Amino acid sequence: MTVSMLIDCDPGIDDALALALAAGSTLDLRGITTVGGNVGLDLTTANALALREFLDLGDVPVVPGCSGALVRGPMDAAHVHGAGGLGDAVLPQAVRGAGEGHAADFIISTLQDHPGEITLVATGPLTNIALAVRREPRIVDWVRDFVIMGGSYTRGNHNPAAEFNILTDPEAAAIAFNAGWTVTQIGLDVTLTARLTLPILNRMRDLGRLSSLILPSVQYYSPVTEESGPALHDAVAVAHVIDPTLLTLTPAEVQVETAGHYTTGMTVTDFSSPAPNTLVATHLDVDRFWQLMIDAYGRLAGRLG
Ligand code: BDR
Ligand code: CA
């Protein structure tokens, strides 16, 4: 069965590689909305537009949203993704521009037009999602599934307590987790178990034009060695939509710390709660994940030349 997906993202190296995974899969991509996160909104939007053309995504709408968090000051991860957001990858500048309107409204209208059909995936800060759910609370009933890459129940990455996407806009994350839907949360606990090591990267060579995105971006992201390499966090979220058997999901109540001194942005996870609001990813079949990635990139490379 073809699954329809709307992705809210902040490309970002792993967001870009997640979009490439979607492009090489049978997913029916209904839209790309952008949010400020890894780099500023102008750049995440420019990158999404460039990726739409580079990955041959046709006329899928790209709609920009919020440039910063709901209440907090700006934060970015340019030190991880490079000043432009895609590491050392340089894509041709997009010819076509972004769609009209705001991402939050696009999310609302797309879900409203196809109730029960579309999986909403968020791979950046949850600002657009929170705004959408505040403007139109019924989206929680219209969405097929809501999947995020963010948070963790064991550790942070931006600091010991918090993961970047949640820490960038904890108030938005708190709204999203308590909106009344079941969040599928793919956090660092599982994404960090899949490392793009040299043996895996070697299986991704000879991808023609696609190599000019993959190689310079991942090599910038983190050193690729025999045993270690970058975790492509956001790609795991898209992989889950393509093949829901890759992850083990465990019900839990997740609340976002918004008032901590050292723990703001922490996703406090109670696996014993009688009121779960989340399906938390607790295990990833790493070998099958990489096989899915390699197959999808191979198919896409065949199309792109
Ligand atoms: C998340 O933070 C961003 O830097 C990545 O794109 C990913 O979405 C990982 O913590
Ligand atoms: Ca991201």
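Quick note: structure is the one above.
Note that the structure is predicted; figures quoted are calculated from it, not measured. (Residues numbered from 1 in each chain as written. Chains lettered and ligands numbered in written order. Predicted model: local features only at pLDDT ≥ 70, side-chain atom pairs only at ≥ 80, totals over all residues. Heavy atoms only, no water.)

**Student:** Tell me about the packing of aromatic side chains, and please be specific about residues and values.
**Tutor:** The relation between two aromatic rings is expressed through the spacing of the ring centres and the mutual angle of the planes. Evaluated as defined, the whole model comprises three aromatic pairs. Seen from their ring centres, Phe-146 and Trp-181 are 4.1 Å apart, and the 25 degrees between their planes marks the pair as stacked. One end of the pair, Phe-146, is in strand β5 (residues 145-149); the other, Trp-181, is in the loop between α8 (170-177) and β6 (183-186), with 35 residues separating them in the sequence. Centre to centre, the rings of Phe-289 and Trp-290 are 4.8 Å apart; their planes meet at 55 degrees, and the pair counts as tilted. (Phe/Tyr/Trp six-rings, centres within 6.5 Å; stacked < 30°, edge-to-face > 60°. Helix = DSSP H or I, 4+ residues; strand = E, 2+ residues; numbered from the N terminus.)

**Student:** Can you lay out the coordination of the calcium ion (ligand 2) for me, pointing to particular residues and giving the numbers?
**Tutor:** Put simply, a metal with four donors set out as a tetrahedron has ideal angles of 109.5 degrees, and one with six donors set out as an octahedron has ideal angles of 90 or 180 degrees. Looking at the calcium ion (ligand 2), the protein donor atoms are Asp-10 (OD), Asp-15 (OD), Asp-15 (OD), Thr-123 (O) and Asp-234 (OD), and they sit 2.2 to 2.5 Å from it. Positions of the donor residues of the calcium ion (ligand 2) along the chain correspond to the pattern D-x4-D-x107-T-x110-D. Residue Asp-10 is located in the loop between β1 (4-9) and α1 (13-23), and its partner Thr-123 is located in the loop between β4 (118-122) and α5 (127-135); the two are separated by 113 residues in the primary sequence. Given the relative accessible area of 1%, Thr-123 is considered buried. (Donors = N, O, S within 2.8 Å, 3.2 Å for Na, K, Ca; no water. Buried < 20%, exposed > 50% of the residue type's maximum accessible area, 1.4 Å probe, protein only.)

**Student:** Please provide a residue-by-residue account of the environment of Asp-10, values included.
**Tutor:** The class for Asp-10 is buried, based on a relative accessible area of 0%. Residues Asp-10 and Thr-33 lie 23 residues apart in sequence; the distance between their C-alpha atoms is 8.6 Å.

**Student:** So what's going on with the nonpolar core? Which residues, and what values?
**Tutor:** Of all hydrophobic cores here, the largest spans 70 residues; its most connected members are Ile-32, Leu-55, Met-204, Leu-210, Leu-213, Trp-290 and Tyr-297. Considering every element that reaches this core, the biggest residue donor is helix α13 (residues 286-304), with 10 residues. Setting aside residues up to four positions removed in sequence, Trp-290 forms contacts with Ala-194, Arg-195, Leu-196, Ile-200, Met-204 and Leu-232. Within the second largest apolar cluster, 34 residues are counted, among which are Leu-111, Val-140, Ala-174 and Val-280. (Core = buried A, V, L, I, M, F, W, Y, C linked by side-chain atoms within 4.5 Å. Contact = heavy atoms within 4.5 Å.)

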